[in-house]
Each structure stands twice: as C-alpha cells, then as structure tokens.
Amino acid sequence: MSEGKVYIVGAGPGSMGLLTLRAADLLSQCDVLVYDYLVNPDFRRLCRRGCEMVDVGKAPGRHSISQEQILEILLDKAKEGLQVVRLKGGDPFIFGRGGEEKATLLAEGIEVETVPGVTAALGCAAQNGIPLTHRDFSSSLTLLTGHENPDKKEPQVDFKKFATTGGTLCIYMGVGQADRITNDLIAGGMSEDTPVAIIRWGTLPRQESWSTSLDKLPGTVSSKDVKAPALLLIGEAVTHMDDPSEGRALPLLGRRIVVTRALEQAGKLRHKLEEMGAEVLELPLIKIKPETSPEVLTETFAGLATYEWVIFTSTNGVRHFFDFFFKAFEDLRCLGPMRIAAIGDSTAEELRKLHLQVDVVPENAVSEDLAQAILDFENIENLNVLVVTGSRNSPKLREILSLKGRAIVDELQVYRTDLSDPSDTWEGLTLIEEGADSILFTSSSTVESYANYLAKKVNGDPKLYSIGPKTTKALKNAELPLAAEATEASLDSLIEALLQS
Ligand code: SAH
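Residues numbered from 1 in each chain as written. Predicted model: local features only at pLDDT ≥ 70, side-chain atom pairs only at ≥ 80, totals over all residues. Heavy atoms only, no water.

Let's shift gears to unusual backbone geometry. Cis peptide bonds are those with omega within 30 degrees of zero, and the linkage from A228 to P229 qualifies with 0°. Locating P229 in the fold gives a position in the loop between helix 6 (217-223) and strand 10 (230-234). One non-glycine residue, F95, lies in the positive phi region at around 45°. As for its placement among the helices and strands, F95 is situated in the loop between strand 4 (83-88) and helix 3 (98-107). Here F95 falls in the partly exposed class, since its relative accessible area comes to 37%. Look at T203: it is not a glycine, yet its phi comes out positive at around 75°. Looking at the element boundaries, T203 is found in the loop between strand 8 (195-200) and strand 9 (208-213). (Helix = DSSP H or I, 4+ residues; strand = E, 2+ residues; numbered from the N terminus. Buried < 20%, exposed > 50% of the residue type's maximum accessible area, 1.4 Å probe, protein only.)

Through backbone hydrogen bonds, the strands of a sheet pair up, either in parallel or in antiparallel fashion. Read across the open sheet, the 5 strands follow the order 3-2-4-1-5; overall the sheet is parallel. The open sheet has two edge strands with one neighbour each: strand 3 (52-55) and strand 5 (111-115). When the angles between neighbouring strand axes are averaged without regard to direction, this sheet yields 20°. For strand 1 (residues 5-10) and strand 5, the ladder comprises 5 bridges, and the chain directions are parallel. The partner of V6 across the bridge, within strand 5, is V112. Its contacts with the sheet place helix 3 against strand 1, strand 4 and strand 5, and it is angled at close to 170° to strand 1. (Pairing = 2+ DSSP bridges. Axes fitted to C-alpha atoms, helices over the stretch in contact; angles between N-to-C directions. Contact = heavy atoms within 4.5 Å.)

What follows deals with the site of the ligand. Around the ligand, a shell composed of 18 residues is seen, among which D91, I94, T119, G202 and A230 lie nearest. Take W201: an N or O atom from its main chain is 3.4 Å from a nitrogen atom of the ligand. A total of 540 Å² of accessible area belongs to the ligand in isolation, and the protein chains cover 95% of it. Among the elements of the structure, helix 4 (120-127) and strand 10 are those that each provide at least two residues to the shell around the ligand. Classifying every residue of the shell around the ligand gives 13 nonpolar, 4 polar and 1 charged. A domain split of the shell around the ligand shows at least three residues from each of domain 1 (5-117) and domain 2 (122-246). (Near = heavy atom within 4 Å. Polar contact = N/O pair within 3.5 Å; in protein donor to acceptor, adjacent residues only side chain to side chain. Areas by Shrake-Rupley, 256 points an atom, 1.4 Å probe, with all protein chains shown as cover. Nonpolar A, V, L, I, M, F, W, Y, C, P; charged D, E, K, R; others polar. Domains from an automatic or database assignment.)

Structurally, S423 is set in the loop between strand 18 (415-419) and helix 13 (426-434). A polar atom in the side chain of S423 sits 3.5 Å from the backbone oxygen of Y453. Within the structure, S423 has its side chain in polar contact with the side chain of K457 (distance 2.7 Å).

Here 5 strands make up an open sheet; going across it, the order is 12-11-19-20-21 and the pairing parallel. Because the sheet does not close on itself, it has two edges, and the strands there are strand 12 (279-283) and strand 21 (484-485). The pairing of strand 19 (residues 438-441) with strand 20 (residues 463-466) spans 4 bridges and is classified as parallel. By the bridge assignment for strand 20, L440 is matched with Y465. Together, strand 11 (256-260), strand 12 and strand 19 form the strand contacts of helix 7 (residues 266-275), whose direction differs from that of strand 12 by roughly 160°. Sheet strands touched by helix 15 (residues 469-477): strand 19, strand 20 and strand 21. Its angle to strand 20, the strand with the most contacts, is close to 145°.

In structure tokens:
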C-alpha cells in the first residue's frame, strides 16, 4: 500500500483566482478533500471525479464536526494510504489551527506538507484598494484575533498595546468583539476618528464592505448586522479604500446560475457570468465519447479527396474527426483541397487551431443558416459534401443540401452524446438541496437529461433559459416552463435573455 500523506493547504480568502498553482495541482490529484466553511465550495470542481469530499464546515453557531473528529478523519484516511488535502480558508497557519493539525499528524507518524495561502487580510485589503503598508502613513502591519481559544481563561490580546503602532491593524474574528476592541484601542491612545473598514466575505461576489471610524465601529456592526466571516482593518490606510458602492452594480450578483459542463465553451460562459457577479455551477448533464462506424470511416477516408465540401457542426465533431484522421494519416495534406464550413464561431476556431481556413461560417449558428450560407457561396449541384456529425444531429442540414442544393451528401458520425445522471455529484447535490436562480440550456440533450434526472428533485423553482428553438422544443416536450429564449444561437444572446427577464 502506498504511503498516505496529508497536505495542509491554504485556499486563500475565497476567490478561485487567489488559489496557488500548487494548491490547484494537489486538488486535481488528491483522493480525499477535507474542507471547511470558509473555503469556497466551488474549488471542488478542480478535483478529479471519484475524489471523496468531506465538508467539515463549521459555520459559527453550527457545530457540525469537532476539531477532534476532523483530525480523526485526516488520520484514518492517511493511514489507509490515501493522499488527503486538508483545505483551509486563507493561510493554514494564520488563525487556522493548521499548526495544531500538523503537530498531531506528525506525532502519529503521518507525512505532512503545508502549502501557504493568501490570508484574508492580504486578500481583502488588496482587492479593496487598501495599501496595508505605505511609506507615508503605515509602516507596520499587525494581524490580530478578536476571538480567543475558548479554553484559555483570560483574553490574550491586549488591544491597548496595539493602539499606537502607527500602522495598519487587521483583526480576524473581531465583529463579535467590536465593543471591547474599540474601547481598548481608544483607551490605549488610538484616535476615535481612525478609519476602519469592515469587509465580509472579501474577494467573493457576495462581498459586503463598510467604512466607518473607530468610535462608530460597534454601532456600524450592530446597525448593519455584520456577521462572520468579516475582517476589521484599522488605520490611515483605510482612507484609500475603493468606494464600496462601486462594482455593486454587478447585474448577476448573488445569483446562482447553472450551466452544462460538457458545453464546448463552458469555461468562457462561466467567466462571463462570474464577471457579472454570478456564482456558476457546472452540471455534468451529458457525456461525449468518440464513436464511429469503422466501415463508414474507412470508406469515407478512402474517398476523402473526392469531397468538395466538409462540414463540421460542433467542436466535438472537429476534435473527434481529426483524432480518427491522424490515426489513419500522417500528413494533413491527405485531407485534400476541399472547402470547409462550420456551424458557430467556436467550431471554426477549433479548425483554425489546425491552421485550416474556414470558408463558410453562418452568422447564426443553426443548420438552416449554414446550409443557406453554402448555397449562397456557390452552386453545389452534384458536388460531394461530407457532414461530420455526432449521434444526435438532426437530418435538416443533409435534407436542405441534397433537396435544395442537389448535392450528394454523406454523413460521418464521429462521436456520441449520452445523457448522464448528475444526482450524486456534488454539483447535482448542491442544485437539488439548495436550488439555483437560473439554468441555461444549450442543447436539447441537456434538457432531456435535466428532465430525466433532476427536474423533480430540485429545490425551488429555477428559471429555465434556452439557446434556441430546438432546445425550447425539448423543454416543451418535457413540460418544463421556459423563462426566455436567446434571440440568436450564441452564448452572448443567451446571457442577454437571462439579464432581460
Ligand atoms: N486562516 C484564515 C483565517 C481563519 S480565522 C486566513 O488566513 O485568512 C476566520 C476569520 O478569518 C473570519 O472570522 C474572518 O475574520 C477572517 N476571514 C477569512 N476569510 C475571510 C473573507 N473572505 N473575508 C473576510 N474575512 C475573512
């Protein structure tokens, strides 16, 4: 049995972009992930399928799993020979009990590696424009905790001693202690009008922030009902804080939007939605696999040079076609001198990666428009046309080209799309238990999968959006209500539909 190991890893303050490359690498390889409530649960999408995920989240007042139980889990898993990532908010060694966990594991003979993370103070300050040190007004930085180890009899931090550092104070877990902190700092000689920033869930779309002054701190905390996790930043540096109202106009702030993982441009779509403040959940609703008929493939490849046109209807089509092609041929020139057409910009982009020029891309990514664009390009009567397809393409393209264009059309299937049940994936469970604001459907197969496996189980009533008529029809067939349909078959248009309704 291989040796187990525990990696005590800092997740940073929340935003995915603030995770270290080392942490991302470990997440993608580990057998077990143990994470707590400060950790953005979205990080789970970096883990491989089959990784065991243990939520030991301790929201304040909701004691789910004790520190002893957490240690027990880490020990058990490591002793089973597993690679365990213990993911902790911020940096594991800053008010994170990482030091205690490390010592216990080492004492039990478990190998441990620690990976630093961006601690909340650094993340919250930089992202809100607060220079923690500055040659003109802050020459030190102090990290303090407002909350003490409950086993200790006396509170340990004597805030009076930190009243005159002349630098910036960053107080973790301090909102519950705002009265005491304020009184002590003022008693220690800090000016009442010293600027204070309160930042809650910093670096995440749901961040809230307030700027106030030391004497008004307790009042602000109670009138705004500020709850953990929030950080207090105290000192001159805070006057440089960005306007908290800026960026609050993000149109999708606080909304959870579901998209389909297998979508070719899932990454791009996620990015666009996140830029607008949304929380994005990618559901594995379908699986794409290479699949072809060996006879048809051999015949098609043997006659490849006779085709005047090859048409690709998806990036999956391009990828799988060329996987098969390069198994059969060593030289791209074996393709022959055909013209190439593609539905959709991303399909065309995939072809351009191979340095192939695409002769026709219709403005709207639908079969009818592609067929028309080819007919407009040239007379295709008696020309040989090859359409590269998946298992679920509609016959429409073939019909128009052969009936209207009088071309000789062959089809070559290179992949298949299977519906897959996401109910027991963490993404599926999150949707079932917590619901979502909206779901964006980009194909009829994703609708079918959703209708089969999830629709009846999902908590609440997410609004359902469709990329085009085929997808809308699938919603109708499944008796699912449509919120809005994109006016064009593009992701931008789908987002537009989402924003408008
Ligand atoms: N190890 C963590 C700190 C854990 S203590 C780190 O290095 O950041 C928990 C406290 O950290 C919270 O109560 C809060 O004061 C602070 N904190 C953590 N993440 C935060 C965030 N995203 N925004 C504001 N405060 C945060």
